[in-house]
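Summary of structural features
The primary structure of each chain is shown beneath.
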Amino acid sequence: MKSDSLEELYTKFPPGTSPAVDRQREVGHFNVFNVADLMLSYRSRPPMTFDRRAFYKISLIRGRSRIEYADQGVEVNHNALWFATHRVPYRWLPHDLAQNGYFCVFTEEFLLPAKSGMVPSELPVFQPGGVPVLIITDEEYAALEVIFRKMEQEIASDYLHKYDLLRAYLVELIHHGQKLQPTTALAPTPNASARLVGLFTDLLERQFPLETPHQQLRLRTATDFASHLAVHVNHLNRVLKETTGHTTTALISNRVAQESKMLLKQTNWTVSEIADSLGFADVAHFCHFFKRQTGLVPSAFRG
């Protein structure tokens, strides 16, 4: 599974509709787009592929469409705010051409000069296990549209410090998204147990997604994770069970099953290649694991 570049994004717009940006003067990259411009060439190009993109993306969309990320899918019937990260494969599938809204793309380096302390990869809205797609009201859409319009106007201006202002708008947009997140997604980690859970989750997620059949999981068992986190495996098991309701092995298995479903549906890797990448001794062990997790053998799930 490849990672799409910013250059590939720009090729999806008809000539003259993609806003230009001065790439030489700035740390990182930022740009803002109108969804209506993107739809002008929609019929003449293939649907969006299910891949990772080499940048962060925040979309404000209005219309009927489907958003797919990891092994999840969300139907959008009217308005949505969508946070996409380079760590999770995704695609957007409009149901018709009546699509409106905006989206902006940026790299983590773009926010560095803002000195806001905001690191996208650490925010709940960009967490692989978070809630990246938020269904919003007309009132919420209107408030967010104001920010995107300011971005659109500013990036086309000749103001000397326009990128400082664009960073401020981007931070404001992210905070709006954070405020709309479910309360559970924003829960703090006030104690040592919660911090350990956070470290375990981050360590687990950083192994995914698998991009080539040659890539393999480094940490596969509860003992592997405990050793890496410098804690006793029994302590890790106890903390995870008390905090999440699941054992270490169950959490690892659930995440491996999620990745295996995505690889079966979204890649042409063989079952043997998937089994090997996910750390199984052979195909038989993987098939047994997958059927226990989903009720289906891999070939039946792939269809």
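What comes next concerns the included structure. (Residues numbered from 1 in each chain as written. Predicted model: local features only at pLDDT ≥ 70, side-chain atom pairs only at ≥ 80, totals over all residues. Heavy atoms only, no water.)

1. Details of the pairing of strand β8 (residues 90-94)
The buried fraction of β8 amounts to four of the five residues, a majority that puts the element mostly inside the structure. In the sheet, strand β5 (residues 65-69) pairs with β8 via five bridges, with the strands oriented antiparallel. When the bridges of β8 are listed, Glu-68 appears paired with Arg-91. (Buried < 20%, exposed > 50% of the residue type's maximum accessible area, 1.4 Å probe, protein only. Helix = DSSP H or I, 4+ residues; strand = E, 2+ residues; numbered from the N terminus. Pairing = 2+ DSSP bridges.)

2. A word on the sheet that holds strand β2 (residues 30-34)
With antiparallel pairing, the five strands of this open sheet are ordered in space as β2-β9-β4-β7-β10. For this open sheet the edge positions go to β2 and β10 (133-135), each flanked by a neighbour on one side alone. Taking the axes of each pair of neighbouring strands and ignoring which way they run, one obtains an average angle of 10 degrees across the sheet. Relative to strand β9 (residues 100-106), helix α3 (residues 138-155) is tilted by about 55 degrees, and along the sheet it contacts β2, β4 (56-62), β7 (79-84) and β9. Running at roughly 110 degrees to β7, helix α4 (residues 162-180) makes contact with β2, β4, β7, β9 and β10 of the sheet. (Axes fitted to C-alpha atoms, helices over the stretch in contact; angles between N-to-C directions. Contact = heavy atoms within 4.5 Å.)

3. Observations regarding the pairing of β5
Along β5, four of the five residues are buried, which leaves the element largely enclosed by surrounding structure. Of the pairings in the sheet, the one linking β5 to strand β6 (residues 72-76) comprises five bridges and is antiparallel in character. Paired with Glu-68 across the bridge in β6 is Gly-73. What sits between the antiparallel neighbours β5 and β6 is a turn of two residues, in which Ala-70 has the positive phi angle 50 degrees.

4. Things to note about helix α7 (residues 233-244)
Between its first and last C-alpha atoms α7 spans 16 Å; for 12 residues at 1.5 Å apiece the expected length is 16 Å, and the two agree. Regarding α7, the residues found buried are Leu-236, Val-239 and Leu-240. Here the buried residues of α7 occupy an arc of 95 degrees about the axis, which is enough to place them on one side. Buried residues along α7 sit in contact with α5 (192-205), α6 (222-229) and α8 (248-266). (Expected span 1.5 Å × (residues − 1). Arc of directions from axis to C-beta.)

5. A closer look at the packing of aromatic side chains
Inspection of the entire model under this criterion finds 14 aromatic pairs. Measuring from centroid to centroid gives 5.5 Å for Tyr-56 and Phe-106, while their planes differ by 15 degrees, and the two rings are stacked. Residue Tyr-56 is located in strand β4, and its partner Phe-106 is located in strand β9; the two are separated by 50 residues in the primary sequence. Ring geometry for Tyr-56 and Phe-126: centres 4.9 Å apart, planes at 70 degrees, overall edge-to-face. Separated by 70 residues along the polypeptide, Tyr-56 in strand β4 and Phe-126 in the loop between β9 and β10 bring together distant segments of the chain. Accessibility assignment for this pair places Tyr-56 and Phe-126 in one class, buried. One aromatic cluster is present, built from ring pairs that chain together Phe-280, Phe-286, Phe-289, Phe-290 and Phe-301. Lying over the aromatic face of Phe-301, Lys-265 brings its terminal NZ or CZ to 5.0 Å of the ring centre. (Phe/Tyr/Trp six-rings, centres within 6.5 Å; stacked < 30°, edge-to-face > 60°. Lys NZ or Arg CZ within 6 Å of the ring centre and 35° of its normal.)

6. Describing empty space enclosed by the protein
The rolling of a water-molecule-sized probe over the atoms marks out the regions of remaining empty space. Inspection of the entire model under this criterion finds four cavities of 30 Å³ or more. Taken as a whole, the second largest cavity encloses approximately 90 Å³ of empty space. Lining of the second largest cavity is provided by 13 residues; of these, Phe-83, Ala-84, Thr-85, Val-88 and Pro-132 occupy positions nearest its centre. No other element matches the three residues that β7 contributes to the lining of the second largest cavity. Of the residues contributing to the lining of the second largest cavity, the split by class is 11 nonpolar, two polar and no charged. (1 Å grid on protein atoms, 1.4 Å probe; cavity = no way out; pocket = protein on both sides within 12 Å on 5 of 7 lines; lining within 4 Å. Points joined across faces, edges and corners; volume = space filled by probe spheres on them. Nonpolar A, V, L, I, M, F, W, Y, C, P; charged D, E, K, R; others polar.)

7. Brief notes about the side chain of Ser-277
Considering the arrangement of structural elements, one finds Ser-277 in helix α9 (residues 271-277). Apart from the residues within four sequence positions on either side, Ser-277 is in contact with Leu-210, Thr-212, Pro-213, His-214, Gln-215, Gln-216, Leu-217 and Trp-269.

8. Structural notes on the layout of surface pockets
Computed from the structure, the second largest pocket encloses a volume of approximately 160 Å³. Forming the walls of the second largest pocket are Arg-66, Glu-68, Ala-70, Asp-71, Gln-72, Gly-73, Lys-261, Met-262, Lys-265, Gln-266 and Phe-301. Looking at the lining of the second largest pocket, the elements with two or more residues in it are β5, β6 and α8. Of the residues forming the lining of the second largest pocket, the biggest block, four residues, is contributed by α8. Considered class by class, the residues forming the lining of the second largest pocket number three nonpolar, three polar and five charged.

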